Amino acid sequence: VVTALAVIVGGGVLVGILVSHTSFLSSETFVQVQEEARRGLGSMLQELRTAGQVNNNVPILSPGTQRLDFQLYRGYDEAACGGACWGTDDAAFPNGWVHYVVDATTNLQRSRLMRCVTANRLDPMPAGFVGCRVLANNVAPDVSASAFTYDHANRMVTIRLQASIS
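The paragraphs below set out a description of the structure included in this document.

This part takes up the pattern of salt bridges. Pairing of side chains with opposite charge becomes possible as their charged atoms draw close. For the coordinates displayed, the defined rule picks out four salt bridges. Across the pair Glu 35 and Arg 38 runs a salt bridge whose closest N-O atoms are separated by 2.4 Å. With a gap of three residues between them, Glu 35 and Arg 38 both fall in helix H1 (residues 2-48), about one helical turn apart. Its relative accessible area of 38% is what places Glu 35 among the partly exposed residues. Residue Arg 115 pairs with Asp 89 through a salt bridge whose shortest N-O separation is 3.1 Å. Here Arg 115, found in strand E5 (residues 112-118), pairs with Asp 89, found in the loop between strand E3 (83-87) and strand E4 (97-103); they are 26 residues apart in sequence, far enough to count as distant. Judged by its relative accessible area of 7%, Arg 115 falls in the buried class. The structure contains a network of salt bridges with shared partners spanning Glu 47, Asp 89 and Arg 115.

See the structure below:
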């Protein structure tokens, strides 16, 4: 009788521990995805505050890829730029363009929010996104869940990102 009671109580304790452990892991993963997205959005916000020449209404050459194109303020030089100088913080492309890209082509199950730099606004992203920086993983790739829009009249960028735990 004592052995049977000990097995029942021990089994109940074991089930409770396993459920608690699974719940903890699930909660921890959820928090990590939120923190990653928050960090990516914080970086984007800081950079977009200094952005100019924003554009996202051009045909994109990479199907399955959505992006926001812009240039950063690099200073004022009347002789070299005729006033404000716009470009990137990348020495290889000082007059280039910065792109925020939702990459849904590399891995459909784990789309990524990337920051890439190219020489021209309409350039395709580097093959395999080599040289691009990952801002967030597990971003929903479809336009209904993750998208960039720019209101030219009000100079307002709207970023909608949906992240998933997988």
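Having put the structure on the table, let's press on.
Before going further, it helps to spend a moment on the nonpolar core. Ranked by internal contacts, the top residues of the largest apolar core, which has 17 residues, are Phe 70, Tyr 100, Leu 113 and Phe 148. Those elements that place two or more of their residues in this core are H1, strand E1 (51-55), strand E2 (65-77), E4, E5, strand E6 (133-137) and strand E7 (147-151). Beyond its immediate stretch of four places on either side in the chain, Tyr 100 contacts Ser 43, Met 44, Glu 47, Leu 48, Gln 66, Arg 67, Leu 68, Phe 70, Met 114, Arg 115, Leu 135 and Phe 148. Listed in part, the six residues of the second largest apolar core include Val 101, Met 114, Cys 116 and Phe 129.

Let us now look at the pairing of E4. In terms of burial, E4 is a largely internal element, seven of the seven residues being buried. The alternating pattern of E4 places Trp 97, His 99, Val 101 and Asp 103 and Val 98, Tyr 100 and Val 102 on opposite faces, both of which are buried. Across seven bridges, E4 lies against E5 in antiparallel orientation. Considered in E5, the bridge of Asp 103 is made with Arg 112.

Under the definition given, this model contains two disulfides. With a sulfur-sulfur separation of 1.9 Å, Cys 81 is cross-linked through a disulfide to Cys 85. Residues Cys 81 and Cys 85 are joined by a disulfide whose S-S torsion is about 105 degrees; by sign, that bridge is right-handed. Assessed through its relative accessible area of 7%, Cys 85 is described here as buried. Here Cys 116 is linked by a disulfide to Cys 132, with a sulfur-sulfur distance of 2.0 Å. As the torsion about the S-S bond is roughly 120 degrees, the Cys 116-Cys 132 disulfide counts as right-handed. Of this pair, Cys 116 sits in strand E5 while Cys 132 sits in the loop between E5 and E6; the two residues are 16 residues apart in sequence, bridging distant segments of the chain. Side by side, Cys 116 and Cys 132 carry an identical accessibility label, which is buried. The connectivity of the disulfide-linked cysteines in the protein, indexed sequentially, is 1-2, 3-4.

Criteria and cut-off values
Residues numbered from 1 in each chain as written. Predicted model: local features only at pLDDT ≥ 70, side-chain atom pairs only at ≥ 80, totals over all residues. Heavy atoms only, no water. Salt bridge = Lys/Arg side-chain N within 4 Å of Asp/Glu carboxyl O. Helix = DSSP H or I, 4+ residues; strand = E, 2+ residues; numbered from the N terminus. Buried < 20%, exposed > 50% of the residue type's maximum accessible area, 1.4 Å probe, protein only. Core = buried A, V, L, I, M, F, W, Y, C linked by side-chain atoms within 4.5 Å. Contact = heavy atoms within 4.5 Å. Pairing = 2+ DSSP bridges. Disulfide = S-S within 2.5 Å.

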